[in-house]
Every structure is written in structure tokens, then in C-alpha cells.
Amino acid sequence: MSRQALIGIVMGSDSDWPIMRHCAETLAQFGIPYEAKVLSAHRTPDAALDYAAHAGARGMKVLIGAAGGAAHLAGVLAAKTELPVLAVPMPSKYLQGIDSLLAMVQMPGGIPVATFAVGEAGAVNAALFAVAMLALNDAELAAKLSAFRARQREKVLAKTLSDLP
Ligand SMILES: Nc1c(C(=O)O)ncn1[C@@H]1O[C@H](COP(=O)(O)O)[C@@H](O)[C@H]1O
């Protein structure tokens with residue numbers, strides 16, 4: 001039996017998956033159970049609202065909303081849940097994700113979403129941020145996060161100290 005998902009990754013379209021799979025892979029790397037769904041504030045509004053309304057009761061701890069263009073999804077999820085909602089703006093075809101970023105970051109006061117960078121770095125960082133939140137109450141996970149940061153530091157230092165070709 002698979003473990004209860006703690007994180008819900010919600011995408012406006014399956015076309016967001018090539019980027020959001022990096023979010024999923026990062027969570028998997030830390031052994032965090034997650035579920036990934038396509039739901040849209042525009043195309044499936046009732047299902048998106050229903051998902052957010054019941055996520056807490058289902059045992060979820062954090063929702064990660066990813067969308068591009070008129071990226072209302074994360075804000076709409078946040079409107080229906082008190083769980084922390086992280087937002088990842090997808091690069092868009094005509095405006096390179098500036099539209100997605102602004103739609104997510106400019107939430108009205110009272111309904112926060114924490115918005116990350118556009119694209120793959122944002123997808124990975126949203127996962128790492130969720131890990132950091134869960135690690136507040138999980139010493140084993142906190143140790144994994146420290147080990148991850150140490151490995152990253154070592155990798156960069158190895159490049160810093162060696163001459164580039
Ligand atoms: N921004 C939203 C929402 C929403 O905010 O609810 N639903 C879909 N979309 C976005 O539309 C883009 C194009 O979608 P398609 O590739 O399916 O046409 C995607 O980046 C998706 O997140």
C-alpha cells in the first residue's frame with residue numbers, strides 16, 4: 001500500500017509536467033510521499049476547489065500549484081484551504097512566464113501563496129521548501145536536508161577550487 005501523500009502537486013495542464021516532474025523527483029529523493037494531479041481553476045473549477053477544500057482532511061500538509069499564463073490556480077487553491085500553498089510559475093509561450101509570475105505573486109492581502117522562480121529552478125525549490133517545512137517536525141528529514149545541502153556545497157566548492165578549462 002502506498003503511503004499517505006503529504007504533498008499535493010497540482011498542475012493546470014499536463015503540459016506543465018516536463019517542468020514539474022523535477023519537483024516530484026526532488027520530493028521522491030527525500031522519500032516524501034506526494035501525489036501529482038492536473039486540475040485547473042479555469043477548465044475544471046469545481047474539481048480544483050473540491051480538491052483544495054478536502055486536502056487537509058486527507059492528511060496533506062502542503063499544496064504546490066503550478067500553472068502558466070493566467071496562472072490563477074495556486075491562488076484559487078489557497079482560497080479554499082488553510083494549508084500552505086506554494087506556487088510555481090510555468091514559462092509561457094508568448095510572455096516567457098512573466099505573466100505566470102505576476103499572476104501568482106500579486107495575491108491580495110489575506111490569502112497568501114509563496115511564489116517561486118519561473119521554471120525548473122522554481123519547481124525544485126518549491127519541493128525543497130516543502131521539505132524544509134516538514135523537517136521542522138521530523139528530525140530524520142532534517143538530517144537528510146542537511147546532508148543534501150552539504151553535498152551541494154561540496155560540489156560547488158570542487159568547481160570553485162579547480163581551474164575551468
Ligand atoms: N493557468 C492555467 C490554469 C489555471 O490557472 O487554473 N489552468 C491551466 N492553465 C495553464 O494553461 C497553460 C496552457 O495549457 P495547455 O498546454 O493545456 O493548453 C498551462 O501552463 C496551464 O498551467
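The name an unreviewed UniProt entry gives the chain is N5-carboxyaminoimidazole ribonucleotide mutase, with Dentiradicibacter hellwigii as the organism. UniProt, in its Function (unreviewed entry) section for the chain, records the words "Catalyzes the conversion of N5-carboxyaminoimidazole ribonucleotide (N5-CAIR) to 4-carboxy-5-aminoimidazole ribonucleotide (CAIR)."

### Focus: the overall build of the chain
Along the backbone of the chain there are six helices and five strands. Reading the chain from its N end, one meets helices and strands in the order β-α-β-α-β-α-β-α-β-α-α. Taken over the C-alpha trace, the chain has a radius of gyration of 16 Å; the compact-globule value for 165 residues is 15 Å, and the two agree within 12%. Counting the 165 residues in the chain, one finds 35% classified as buried.

### Quick word on the UniProt feature "binding site: substrate" (unreviewed entry) in the chain
Following the UniProt record, one finds the feature "binding site: substrate" (unreviewed entry) at S13, D16 and R43. As for its position among the elements, R43 is in the loop between β2 (34-38) and α2 (45-55).

### What about the pairing of β2?
Sheet topology places strand β1 (residues 7-11) next to β2; five bridges connect them, and they run parallel. Considered in β2, the bridge of M11 is made with V38. The parallel pair β1 and β2 is bridged by helix α1 (residues 17-29), and the resulting crossover is right-handed.

### Quick notes on the pairing of strand β3 (residues 62-68)
In terms of burial, β3 is largely enclosed, as seven of its seven residues are buried. The alternating pattern of β3 places V62, I64, A66 and G68 on one face and L63, G65 and A67 on the opposite face, and all of these are buried. The pairing of β1 with β3 spans five bridges and is classified as parallel. The residue of β3 that forms the bridge with M11 is A66. Relative to strand β4 (residues 85-90), β3 runs parallel, the two sharing six bridges. Of the residues in β4, the one forming a bridge with G65 is A87.

Reading the values: rules and limits
Residues numbered from 1 in each chain as written. Predicted model: local features only at pLDDT ≥ 70, side-chain atom pairs only at ≥ 80, totals over all residues. UniProt positions renumbered as here; feature names shortened; annotations may be inferred. Helix = DSSP H or I, 4+ residues; strand = E, 2+ residues; numbered from the N terminus. Rg over C-alpha atoms; globule rule 2.2 N^0.38 Å. Buried ≥ 20, exposed ≤ 12 C-beta atoms within 10 Å, placed from the backbone. Pairing = 2+ DSSP bridges. Right-handed = clockwise from strand over helix to strand, strands pointing away.

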